[in-house]
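A structural walkthrough
Letter by letter, the chains look like this.
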Amino acid sequence: MGDLNSLAMAGSLRRQSSNLALLQAAIALAPTPMTIKLYSSLVHLPYFHPDHELDPIPAVLDFRAQRQQSNAVVIGSPEYAHHPGGQPRR
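To start, this report covers the structure provided alongside it. Not measured: the values here are computed from a predicted model. (Residues numbered from 1 in each chain as written. Predicted model: local features only at pLDDT ≥ 70, side-chain atom pairs only at ≥ 80, totals over all residues. Heavy atoms only, no water.)

**Details of the overall build of the chain**
In terms of regular secondary structure, the chain is built from two helices and five strands. Element order for the chain, N to C, with α for helix and β for strand: β-α-β-α-β-β-β. In the chain, which comprises 90 residues, the share counted as buried stands at 28%. Considering only contacts within the chain whose residues lie at least 6 apart along the sequence, 70% involve residues at least 24 apart. When the accessible surface of the chain is split by element, carbon and sulfur atoms take 56% of a total near 6,500 Å². (Helix = DSSP H or I, 4+ residues; strand = E, 2+ residues; numbered from the N terminus. Buried < 20%, exposed > 50% of the residue type's maximum accessible area, 1.4 Å probe, protein only. Contact = heavy atoms within 4.5 Å. Areas by Shrake-Rupley, 256 points an atom, 1.4 Å probe, with all protein chains shown as cover.)

**Notes on the side chain of Ser70**
Tracing the backbone shows Ser70 in the loop between helix H2 (58-68) and strand S3 (72-76). Given the relative accessible area of 18%, Ser70 is considered buried. Among residues more than four places away in sequence, those in contact with Ser70 are Asn5, Ser6 and Leu7.

**Considering the side chain of Ser12**
Locating Ser12 in the fold gives a position in the loop between strand S1 (4-10) and helix H1 (18-29). Since its relative accessible area comes to 13%, Ser12 is described here as buried. Within the structure, Ser12 has its side chain in polar contact with the backbone nitrogen of Arg14 (distance 3.3 Å). (Polar contact = N/O pair within 3.5 Å; in protein donor to acceptor, adjacent residues only side chain to side chain.)

**Looking at the pairing of strand S2 (residues 34-39)**
On a regular strand, one side chain projects to one face of the sheet and the next to the other, so that they alternate. Where S1 and S2 come together, six bridges link them in parallel fashion. Directly across from Asn5, in S2, lies its bridge partner Thr35. You can see the chain leave S1, run along H1 and come back into S2, and the turn it takes is right-handed. (Pairing = 2+ DSSP bridges. Right-handed = clockwise from strand over helix to strand, strands pointing away.)

Structure follows, in structure tokens:
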């Protein structure tokens, strides 16, 4: 079995988010050969718009590149009224 590279995303943009703290703990406790990289540019991603798929902005290209280098995506997201917030639904 090879290395497991994961990309972690906090669905809350708060600096002291409990979801971010949980992801940071997972990063610190990840066993070898697992690595978890925190994606910290969620705020720069636009909402999905199919007309913009042919000419994506640099933030989208960066996210896609990081996602393609990962074997898994871990999302820590707050819940509001039994649904994820707006940020992770992008």
